[in-house]
Structures are given as structure tokens and as C-alpha cells.
2 protein chains.
Amino acid sequence: MTKMNIPTSSNPRVVIIGGGFGGLSLAKKLKNKDFQVVLLDKHNYHTFQPLLYQVATGGLESGSIAYPIRKVVQNYNDFYFRLAEVERIDTEGKKVIADIGTIYFDYLVIATGSKTNFFGNEEIRKNSMAMKTIPQSLNIRSLVLENFEAALLTNDIKEQEALMNFVIVGAGPTGVELAGAFAEMKKHVLPKDYPDLDIRKMEINLIQGSGKVLDAMSDKSSQKAFEFLRKLGVDIWLNEQVIDYRNNKVSTKSGRTFNTETVIWTAGVMGATIDGFEETIIQRGNRLKVNEFNQVEGFTDIFAIGDVASVITEQTPMGHPMMAQPAIQQGDLLASNLVRIAKNKPLKPFVYNDKGSMATIGRNKAVVDLPKWQFSGVFAWFVWMFIHLISLIGFRNKLVVFWNWVYNYLVFDRQGRLIVRPYKRKNEESFPQNMN
Amino acid sequence: MTKMNIPTSSNPRVVIIGGGFGGLSLAKKLKNKDFQVVLLDKHNYHTFQPLLYQVATGGLESGSIAYPIRKVVQNYNDFYFRLAEVERIDTEGKKVIADIGTIYFDYLVIATGSKTNFFGNEEIRKNSMAMKTIPQSLNIRSLVLENFEAALLTNDIKEQEALMNFVIVGAGPTGVELAGAFAEMKKHVLPKDYPDLDIRKMEINLIQGSGKVLDAMSDKSSQKAFEFLRKLGVDIWLNEQVIDYRNNKVSTKSGRTFNTETVIWTAGVMGATIDGFEETIIQRGNRLKVNEFNQVEGFTDIFAIGDVASVITEQTPMGHPMMAQPAIQQGDLLASNLVRIAKNKPLKPFVYNDKGSMATIGRNKAVVDLPKWQFSGVFAWFVWMFIHLISLIGFRNKLVVFWNWVYNYLVFDRQGRLIVRPYKRKNEESFPQNMN
């Protein structure tokens, strides 16, 4: 196939690459405006990434944090979704080249988000797990359960130790929340599931390069999170840099080693840029340099929003944090700016409205940073749940997630303990290791 | 690994192969009796097979019809579950040889169920989809959605026809329920999801070898089901036998052909027997010949229950139907018979209590055969839903399924439209074709 079969239209065509937080908020705001919108994504669903760790730890089904993109854009006029993987951009010819064909654009918006950054370490990339997508999260879930099944079978102490030792590299929100969830599985679920295994042997090691967990949050919240994790039995290693992982051995800069079959790498993300741009445009963190109107440097009709974009201004020399909020806000603003362009009106610059950040460590344990107020504990935990529930797309998902949380809370359970896609065992259901 | 690490016990050891309806009902009844029970299954979850078709058509998440086996057997004394694939039985040495090792048994119960029967046609097996497991159902879901995404991209009428033509071979309950679910997707979901595609072109062809659908049910119910399916726009081909499927072409005995990229084969099942038995013991349908105590012919300590077993008596020369009920009832009886053996008491023979059968075709459309009463329509549909809900294991699953059904009914939706494991597109998430 070489065509995307998008009908011609009297409206100028906006091609959006990526149906994440940024791309989808833009698409929604462009509903029934005078544009033809073409949304491309390599998945046919939007992923609510903040809850991936709960899919990985069996607390939620993948279906309840994913939402079919086509359902979002039902009844949008002159709107087309295509399941496609973009290969490169032809900025000269104003074309997007994808696996399903080539398409011309009047305006292009790159909202491809970010991917795991292994900092060029091939061994770590090959041997550790990432958690940026639903398939990856389901793989982690399967791997963890398969490890316990295997731990039952071995009398080799060292092997059993490696099977029951879970190393999480990176103590950002993802690493912290995952470590907390593992700790709760260890406490409430695994001892019941594996009575003939000494679950006390299970180790959860959280390794952080800097001197504190939740680096981006307030000292108070970071300190609280540290205490919560310790209380849950997570071993935290600060100022430790992982330099290698092979043959079940994690090595750190300081010379420490960990004997483990499972390393989950949350230590870094990088912009998921697309071929077709000058090197000079690629900023720190592999992000595209854009101005305050999200125009990619050197272009007036090519935009980038969200994690993949770095809005470089005097106030923001490093761009904005790679989180959902900047992406959503940039998507919203870009929609109105595209309308302004069509009307030859001056563009509005992006100003980030920091609504704060939060992380949950476990039941009744969360930390919240609001611009003027930091708090933690039970109330923070309820705030965290409330915010995440209302942020989920779709009434059904909200309700299913809510119900699952109530259930898990009351019975101390996580029922998604199904090895639906065996990760290790070499059988027909096995999965290739590195998936996007 | 060569050991299964099952501790020795003063109790005689019962090894159960398979955690389906039969194996699980047996395991439950053996709870805390004077046996050591070892349950082996190649999945760590029990699958509620009657609802697989709803997973395949996006009506339910896989997690809500599967249940972790370890959760079922929590707090069972002297009970051990092992995730294992059994290779063969050493009836002489009373050993089970599996991929994870070998185990000795005092009593062996084969509850391996059934698998899809392609009647030796290699081309059909290679090119068509089966629907006996959750991974297979998720593959069908992905394939269907991928077909529509692909149909959008082609201008080749013949190719588009093949992509939108769904052929279901076999009009038993599975085939009928699947055809009905596809018809409802065509009516309520797909036109909204694919506005730029003429969904009227979608074909659902149901091919049945015999002269009626739901062959095993009453003429009245079979006739009603036929009418329901026709009303929903399903094309039904009776007395047609599929003899080949290759290069998108289905050929039937009568010379009819269908141009399709999707064939779902529900035309036959066969017992999932295990190596180690004489040919003479293998009955019609590849089932093990057992007596009324479910003892495999020639053995007193090896039993078979459910689909894999054929209880050959004068009253049942062909054994019992391959459905959940006989398996469950045989499992229950065998538990008490094993206790009787331990107490040197005479065994009780199996007498099948036929509770009737039912099938659902679509919203407000179902047929129910009770021993003395057949009925159909809305009431039958509610009965069908009620029976299936109470049969599901676990309060959470019951509630999640119930909620999804209410939601789907009210908003005419099926939200599980996620291509989580792309089936066709050759990327890292792709799946091998034939999975158990």
C-alpha cells in the first residue's frame, strides 16, 4: 500500500503523529473546526501511562487504562485515524512517510512522546524491562509471576535469590510507585499464593542515581516517600549508578552488585523523535527544539508538543518536565493557535500552568506537591486516586478502575495474576523481548 | 530442572493434569481430605471458556473470564500447583513426565480437556483461527480490528472484500454465539468506528456441515437460533463442508468458495490426550475410554474426566457431550470415589445429570433447552446471562462482567477494541500463529 486513502478536503490538513496526552487533547480541541485532521498512531488505543505500573503488578486490567482512539473521535467531521508507524518526515515536500503510505500535510504536529532511555548501554537494554507501553507492562507482570513459579522449582539458593530479587533502576514516580506495588504484593498477595515458598526472601531494590527519591518533587515529599518505601521493606540505594547488567548481575559505579533475573529500567526517558530533522534541532533528552508557539525551530507549519518537544525560552532553558500536564496544555493551546493561524491572527505563547505533582507508594500512602502546599498520607492517597480517576477517559473505565481499587483495598488483593503472555518460557505464547 | 519440589507426604498423592472445569471441581472437592494433591496446568489461570467469544469480540476483558488457579487453592492443605506442560505418562512407573520435571503419582487424573480438531487438514490448521484459549481469543480480536484498519487502506475491491468477510466454520454454540456477536459489532460498533468505510460490505458467513445450527439442541431452539441469526444478517450455509482454505479462499465440498482473510474454525474438538496410552484406549473424538468410575480402561489408579474422557456404557456408547457440566459432575463424583477407595468402599458409578443447554445469539436473543422445557427470546437471554454470571469464579469477576454487560447493553458498545497483540502486522508485538 502506498496511499493512506484520506479524501481530499477544502480544509487545510493537520497531521498529528501520536495519540498520547498531547496529541489527543489537540485532536479533541480541533473537533469540527475548519481543518481536516489526520491522527496517526502505532496503537489503536490511547494509554493512560500513569497507571501502567498497576497493570504490571496485577492491580488493573490493561483494558481499563487504555481507550480505543476511534471511540474518542467518533462523530468528528473530516477526521481520520490511521494505525501507522511513521518512518520519517519530508520537511521539504511536507510529507509524512509511514509504513502504510505517504501523506501530505499543511500543518504537522509531532506528539510522539518519549521512550525509555538506556543511555546507550546495549547490555542493559537487551536484558532489562521497560515499562512505557501496555505490552511492556503485561510482560513485566508475566515475568514476575513466572519467576515465582520458577523459584518453587529450584534448590539452587543463588538461582532462587536471583528469581526473587527485583531491581528497579530509577526512583522517579514510575520507579517509586512500582516499588511500592511490589512491596504490597509481597505483603498481601504472594505469601498466600506461594505457601511453599519463603516470600521473606523476596527483595525489592530501588536504585537511584541522585541523592533522593522523587527528585523532581519537594524535599518534604521526597523524604516522606523515602520513609513510606522503607516502611514497606523496599531497599533504597541512593547515589548509585547502574553501569552494567548481564548474566543476572547488576553492577553499579560504586562497585556494588545485585544478583537478579529482573531489572526494570525507569531511570530515564528520551524524546521519541522522528527522522527528518537537523541535528541542531535535537536538544538535551533527544527533544525537538520548539519556540513558545511549539513551532519546531526553522518551521512555521511543523509543531511538536509534549515529551518530544522542548520549549526553549529564557524562563525555560531546559524545556518543561516530561509529564502529562505540559503535553495536554500544549495540545490545547496549539489547537487555538492553529485556528488563529487560519484567521491570520497573532499566536499565543505557551505558559505552563504547574498544577503540581504526586506519587502513590501504597495503600494510604501518597505524596502530593501543590504549588503552595505539600501533604502526604491517607488524604494525599485519596487525592491521588480521585485525580487519576477523573483523568481516565471514559465512564466505563472510571467505574471499572474505581471498582477494582475498592475491591483491592478491601480484600488486600490484586487479581490480575494471569500469565497471559508468557515472557520467559519458550513456548508458542512467548513474546519477543523488546517491544515498543 | 528435573524435580517438581513437591514434599513427601503421609497422604497418598493425587496428580491432576488440567485446571479446567473438571480438574478444578475435583481439586475443590479434595480440599483438606487425606490426599496430597498436585495440580498441573500449562496456564496459571482457569479459563471460563463459554465466554471466550465475548473476549474475541471485545465485549469482555480476558481478565474477567480468567481466574488465577493459585487464588482458588489458597489455604488448601498439602496442595501444590505447578505451572507445567505434561509431555507423557509412564503408566508402568506411575510417573508424569512434564517440562519442569517428573513426578510420581498414587492416583492420576487426566483432565486435559479438548483442543480444536482440524480433522488432519494442515492447510486449514495453518491458515485459520481457533478459539479455545484466551490468547487465541485475543488474537481473533486483534485480527478482526486489523482487518478493518487494512480495509480502509486498499482500493482493491477483492482485497477489501476478503478483509471484511468473516467465515465461521461450525454452527455449534461457539460458532453461533461468535457469529451473533460479530453481527452486533457490525450493527452497533463498527459503523461508528469506521465512518469512512462502508460497513454494509462486511459479511458474516456461518458454515455448518449438518442440516441445522446448534445440532445438539432441540429442533425448536435450533430453528429459533437460525431465525435470530438471519435477522441479524448472518449468512448461514447448511450441509456445507469446508474442504480447504488457502490464499484467502475457502472451498466447500459442494464447490462453493468464499473470498476471506479470516476463517474461525469451531467445527470440531478432540480430546487433548497425552502420550503413554495404548491406541485401543483412544475412542472416537480422540477421547480416553473410561468406565463409569472414570477409570481409564485397564487401570484402577488412572482416571480421566471431562472432554478428554469418554464414559462408555450401554446407555452412553458415545460417551457424554464435551461440555462443562459432565466435566464438573465427573470431577465432583471422582473426589468422593477417591475417598471411597481410600476407605476400601465400593465406588459410585457416574450418572450424567443433564441440566440442559443454552446459547445466546445477541441482545434479547437466546435459546434454552431444559430437559422438559424449551424457550427462547428475552427471558431465555436473561436466564443465559444469570447462569453464566453465577458460574463465573470469584465475586470480582461476577461483578465486573455484570457491569460490562449492563454497560454494553445500555450504550450498544463493546469497548475492548484494543489491538494489544497485533496479529498480522509484522512488528515486535506480533504473535506466532498457532498457540494453545
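Residues numbered from 1 in each chain as written. Chains lettered and ligands numbered in written order. Predicted model: local features only at pLDDT ≥ 70, side-chain atom pairs only at ≥ 80, totals over all residues. Heavy atoms only, no water.

Turning to the overall build of chain A, a few remarks are in order. Counting secondary structure elements, chain A contains eleven helices and 25 strands. Relative to the 2.2 N^0.38 estimate, which gives 22 Å for 436 residues, the radius of gyration of chain A is 22 Å and therefore close to what a compact globule would have. For chain A, the spread of C-alpha atoms along the principal axes amounts to about 70 × 50 × 45 Å. Per-residue burial for chain A yields a buried fraction of 61% across its 436 residues. Of the roughly 17100 Å² that chain A leaves accessible, carbon and sulfur atoms contribute 53%. (Helix = DSSP H or I, 4+ residues; strand = E, 2+ residues; numbered from the N terminus. Rg over C-alpha atoms; globule rule 2.2 N^0.38 Å. Buried < 20%, exposed > 50% of the residue type's maximum accessible area, 1.4 Å probe, protein only. Areas by Shrake-Rupley, 256 points an atom, 1.4 Å probe, with all protein chains shown as cover.)

A word on the interface of chain A and chain B. Each side of the interface is counted separately: chain A has 65 residues, and chain B has 64 residues. Counting the surface lost from both chain A and chain B, the interface buries some 5900 Å², and carbon and sulfur atoms represent 52% of this. On the chain A side of the interface with chain B, the three residues burying the most area are Arg-70, Leu-153 and Arg-396 of chain A, jointly 13% of the side's total. Inspection of the region where chain A meets chain B yields six salt bridges. When contributions to the side of chain A that touches chain B are tallied by element, the ones reaching two or more residues are β4 (66-68), α3 (69-72), β5 (79-83), α5 (134-151), α7 (173-193) and α11 (395-411) of chain A. Considering every element that reaches the side of chain A that touches chain B, the biggest residue donor is α11 of chain A, with eight residues. For the side of chain A that touches chain B, the per-class residue count stands at 30 nonpolar, 15 polar and 20 charged. (Contact = heavy atoms within 4.5 Å. Buried area = accessible area lost by both parts, 1.4 Å probe. Salt bridge = Lys/Arg side-chain N within 4 Å of Asp/Glu carboxyl O. Nonpolar A, V, L, I, M, F, W, Y, C, P; charged D, E, K, R; others polar.)

We now examine the relation of the copies chain A and chain B. When chain A is brought onto chain B, the operation consists of a screw motion whose angular component is 180 degrees and whose axial shift is 0.0 Å, with 0.0 Å RMSD remaining. Such values leave the two copies arranged in the relation of a two-fold axis. A share of 98% of interface residues in chain A that are also interface residues in chain B marks the association as one of identical surfaces. (Least-squares fit on C-alpha atoms with pLDDT ≥ 70 in both.)

Let us now look at the domain arrangement of chain A. Residues and elements named next belong to chain A. When the domains of chain A are assigned, the result is domain 1 (13-42 + 84-116 + 270-342) and domain 2 (122-267 + 363-430). Taken together, the contact pairs five residues of domain 1 with four residues of domain 2. Taken together, the two surfaces of domain 1 and domain 2 that pack against each other cover about 350 Å², and 63% of this comes from carbon and sulfur. At the surface where domain 1 touches domain 2, the tally comes to zero salt bridges. Inspection of the domain 1/domain 2 interface yields one residue pair in polar contact (both at pLDDT 80 or more). Listed by contribution, the elements that provide at least two residues to the side of domain 1 that touches domain 2 are α1 (21-29) and β10 (114-116). For the side of domain 1 that touches domain 2, the class distribution of residues is one nonpolar, two polar and two charged. (Domains from an automatic or database assignment. Polar contact = N/O pair within 3.5 Å; in protein donor to acceptor, adjacent residues only side chain to side chain.)

Residue and element names in this part refer to chain A. In spatial order, the strands read β6-β7-β8; together these three strands make up an open sheet with antiparallel pairing. Where the open sheet ends on each side, the last strands, each with one partner, are β6 (86-90) and β8 (101-104). Ignoring which end each strand starts from, the neighbouring axes of this sheet average 20 degrees apart. Where β6 meets strand β7 (residues 95-98), four bridges bridge the pair, whose relative direction is antiparallel. (Pairing = 2+ DSSP bridges. Axes fitted to C-alpha atoms, helices over the stretch in contact; angles between N-to-C directions.)

What follows deals with the UniProt feature "domain: FAD/NAD(P)-binding" (unreviewed entry) in chain A. The sites that carry the UniProt feature "domain: FAD/NAD(P)-binding" (unreviewed entry) are, in the present numbering, residues 13-331 of chain A. Secondary structure across residues 13-331 of chain A divides into 29% helix and 27% strand, with the first and last C-alpha atoms of the span separated by 16 Å. (UniProt positions renumbered as here; feature names shortened; annotations may be inferred.)

Residue and element names in this part refer to chain A. Across chain A, the average pLDDT comes to 93, with 96% of residues at 70 or higher. Segment residues 426-436 is flagged for pLDDT under 50; beyond a separation of four residues in sequence, or across chains, it makes 50 contacts in the model. Predicted complex, confidence summary: ipTM 0.90, pTM 0.93. (pLDDT = per-residue confidence, 0-100.)

The description of two helices packed together rests on the angle between their axes and the distance between the axes. All names here are of chain A. Orientation of α1 relative to helix α9 (residues 324-342), taken along the N-to-C sense of each, is 30 degrees, at an axis distance of 7 Å. Relative to α9, the element α1 is oriented roughly parallel. Relative to α9, α1 is oriented so that their crossing is right-handed. Residues Phe-21, Gly-22, Ser-25, Leu-26 and Lys-29 of α1 form the contact with α9, whose own contacting residues are Ala-324, Ala-327, Ile-328, Gly-331, Asp-332, Leu-334, Ala-335 and Leu-338. Grouping the constituent residues of the contact of α1 with α9 by class yields eight nonpolar, three polar and two charged. (Parallel < 35°, antiparallel > 145°, perpendicular 65-115°, else oblique. Left-handed = near helix turned anticlockwise from the far one by under 90°.)

This part covers the pattern of salt bridges. Close approach of charged atoms allows side chains with opposite charge to pair. On inspection of all chains with the given rule, the structure shows 34 salt bridges over all chains. Measuring nitrogen to oxygen at the nearest pair gives 2.9 Å for the salt bridge that ties Arg-200 of chain A to Asp-198 of chain A. What makes Asp-198 of chain A partly exposed here is its relative accessible area of 27%. Measuring nitrogen to oxygen at the nearest pair gives 2.5 Å for the salt bridge that ties Asp-193 of chain B to Arg-417 of chain B. On the criterion of sequence distance, the pair formed by Asp-193 of chain B in helix α7 (residues 173-193) and Arg-417 of chain B in the segment after α11 (395-411) is long-range, its members being 224 residues apart. By the burial criterion, Asp-193 of chain B is buried, and Arg-417 of chain B matches it. When salt bridges with common partners are traced through the structure, they connect Lys-71 of chain A together with Asp-193, Asp-413 and Arg-417 of chain B into a single cluster.

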